[in-house]
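Reading the structure
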Amino acid sequence: MEQRDLGSFSLPPSLRAKLVAAGFQTAQEVLDVRPCELSKEIGVSKQEALEILQVIRGDCCGNGGSSGNTVRKYTALELLEEEQGQGFIVTFCSALDDVLGGGVHLTKVTEVCGAPGVGKTQLCMQLAVDVQFPECFGGLAGEAIFIDTEGSFMVDRVVDMASACVRHCQLIAEVHPEEEHQAALETFTLENILSHIYYFRCHDYVELLAQVYLLPDFLSEHSKVRLVVIDGIAFPFRHDFEDLSLRTRLLNGLAQQLITIANDHTLAVVLTNQMTTRIGQSHSSLVPALGESWGHAATIRVILHWENKQRGRNSLRVQIYHTLAVMLKSSNDDALNCASPSST
């Protein structure tokens, strides 16, 4: 599929002409070039170079180069059994795990929305630790990628969480002194947990798009990664955008890439999103940022808010929205009580 002629891709004619003028003929030739290099070679902005790469990679991944004779057909039962066998990442909030159907599912994109201070970042940091739980303790023994756009990652808080998780496993091993538990505890240490959280700081949307574009290469070298977190998906896209149609195209391409990554590498993608005010004719309300079209990007949307606008213990409320047909025990609008996080 990478040998496809560039004329077969849905690129703007002006960009296609610049690619051909620079000597590019096939998709593979373009995919071998990094965004900054492509921008210089064909004389376009970095945003346009990223858009070109997103379109070509998205088409190639989506079609996969398969012909009509090799497309595999599934029954609904096979899909259900496959989904149930893929596992999930527990949050250690029993109520939230229950409404999510056991935890954050692999191969799904989960978006966590809420006002500042409600606990979005803390939940993501907790998941980056939880995904590393040894298999004998019911975990995935995986690794995590944490992409931070707002500078909210607090390593001291992660140390606290990791230390508590190690102690939790030690207590289980004391109650159930099995040989595999003791062997797992030898590697499930604070140092190992921290060394398997790969942190990337992105300062603007160009860096974020470039980092996501390069993720498949990184994941091919780190096959144990089972979680990708983007903490602050909206922040880079809410400023410095005069062309809103360009923003929409970039976001759509980003969403498609994340879905492809989640499925191809059997991992969970977790995004955090801010809230914005929607002004109506008679009242205003808080809604997730980036507009209604972005609302369909994630498989599951989790909205956190304080009950009766009072911040305190046992006052956190959660709403779950399934934007695709997902077989979970909860309904399309579930709410639950959960202990308040101690920090953002």
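Residues numbered from 1 in each chain as written. Predicted model: local features only at pLDDT ≥ 70, side-chain atom pairs only at ≥ 80, totals over all residues. Heavy atoms only, no water.

So, on to the overall build of the protein. Looking only at helices and strands, one finds 13 helices and 12 strands in the protein. A burial count over the protein gives 48% of its 344 residues as buried. Across the protein, contacts joining residues at least 24 apart in sequence account for 66% of those joining residues at least 6 apart. Accessible surface for the protein amounts to roughly 17,000 Å². Of this, 50% is attributable to carbon and sulfur atoms. (Helix = DSSP H or I, 4+ residues; strand = E, 2+ residues; numbered from the N terminus. Buried < 20%, exposed > 50% of the residue type's maximum accessible area, 1.4 Å probe, protein only. Contact = heavy atoms within 4.5 Å. Areas by Shrake-Rupley, 256 points an atom, 1.4 Å probe, with all protein chains shown as cover.)

Take unusual backbone geometry next. Phi is positive for Thr107, close to 65°, though the residue is something other than glycine. Tracing the chain through its elements places Thr107 in the loop between β2 (104-105) and β3 (109-114). Note on Thr107: relative accessible area 10%, which makes it buried. Although it is not a glycine, Ala141 sits at a positive phi angle of roughly 50°. Tracing the backbone through its elements, the reader meets Ala141 in the loop between α7 (120-130) and β4 (143-148).

This brings us to the packing of α7 against helix α8 (residues 155-175). How two helices pack is summed up by the angle between their axes together with the distance between the axes. Taken N-terminus to C-terminus, the directions of α7 and α8 make an angle of 45°; their axes are 10 Å apart at the nearest point. As far as their axial angle goes, α8 and α7 are oblique. In the crossing of α7 with α8, the sense of the turn from one axis to the other is right-handed. Across from Gln122, Met125, Gln126, Val129 and Asp130 in α7, the residues of α8 making contact are Arg157, Val158, Met161, Ala162 and Cys165. (Axes fitted to C-alpha atoms, helices over the stretch in contact; angles between N-to-C directions. Parallel < 35°, antiparallel > 145°, perpendicular 65-115°, else oblique. Left-handed = near helix turned anticlockwise from the far one by under 90°.)

Our next topic: the packing of helix α11 (residues 205-221) against helix α12 (residues 244-264). Relative to each other, α11 and α12 sit at 20°, their axes nearing to 11 Å. Comparing the axis directions of α11 and α12 gives the class roughly parallel. α11 and α12 meet at a crossing whose hand is left-handed. Listed contacts from α12 to Tyr205, Leu209, Val212, Tyr213, Leu215, Pro216 and Leu219 of α11 are Leu250, Leu254, Gln257, Leu258 and Ile261. Across the contact of α11 with α12, the residue classes break down as 11 nonpolar, one polar and no charged. (Nonpolar A, V, L, I, M, F, W, Y, C, P; charged D, E, K, R; others polar.)

The next subject is α12. The terminal C-alpha atoms of α12 lie 30 Å apart, and with 21 residues this matches the ideal 30 Å at 1.5 Å per residue to within 8%. If you check which residues of α12 are buried, you get Leu246, Arg247, Leu250, Leu251, Gly253, Leu254, Ala255, Gln257, Leu258, Thr260, Ile261 and Ala262. Downstream of α12 by one or two residues, Thr266 has phi in the positive range, about 50°. (Expected span 1.5 Å × (residues − 1).)

The next subject is the packing of aromatic side chains. The geometry of an aromatic ring pair is captured by the separation of the ring centres together with the interplanar angle, meaning the angle of the planes. Applying the stated rule across the entire model yields eight aromatic pairs. Their ring planes at 85° and their centres at 5.5 Å tell us that Phe200 and Phe218 sit as a pair that is edge-to-face. Residue Phe200 is found in strand β5 (residues 197-201), and its partner Phe218 is found in helix α11; the two are separated by 18 residues along the sequence. An angle of 35° between the planes, with centres 5.8 Å apart, marks the rings of Tyr205 and Phe237 as tilted. (Phe/Tyr/Trp six-rings, centres within 6.5 Å; stacked < 30°, edge-to-face > 60°.)

For β3, the buried fraction is high: six of the six residues fall into the buried class. Neither face of β3 is open: one carries Val109, Glu111 and Cys113, the other Thr110, Val112 and Gly114, and all of them are buried. Of the pairings in the sheet, the one linking β3 to strand β7 (residues 268-273) comprises five bridges and is parallel in character. Following the sheet pairing, Glu111 is matched in β7 by Leu271. Pairing analysis gives five bridges linking β3 to strand β10 (residues 300-306), with the strands arranged parallel. Residue pairing in the sheet places Glu111 in a bridge with Arg301 of β10. (Pairing = 2+ DSSP bridges.)

Counting all residues, the mean pLDDT for the protein is 82, and 85% of those residues have values of 70 or more. Predicted confidence is poor over residues 64-70, with pLDDT under 50, and the contacts of this stretch with residues over four places away or in other chains come to four contacts. In this model, residues 324-344 is a region of pLDDT below 50 whose contacts with residues beyond four sequence positions or in other chains number 69 contacts. (pLDDT = per-residue confidence, 0-100.)

Below, the discussion takes up the nonpolar core. The biggest cluster of nonpolar side chains holds 41 residues, and the ones touching the most others in it are Ile89, Val129, Leu227 and Val270. When residues of this core are traced back to their parent elements, those giving at least two are α6 (94-99), α7, β4, α8, α9 (179-187), β6 (225-231), β7 and β10. Counting residues per element, this core draws most heavily on α8, which supplies seven residues. Residues in contact with Ile89, not counting those within four places in the same chain, are Gly103, Val104, Leu106, Leu127, Asp130, Val131, Leu140, Arg226, Leu227 and Ala268. Counting residues in each nonpolar core, the second largest holds 38 residues, with Tyr198, Val206, Val228 and Val269 among its members. (Core = buried A, V, L, I, M, F, W, Y, C linked by side-chain atoms within 4.5 Å.)

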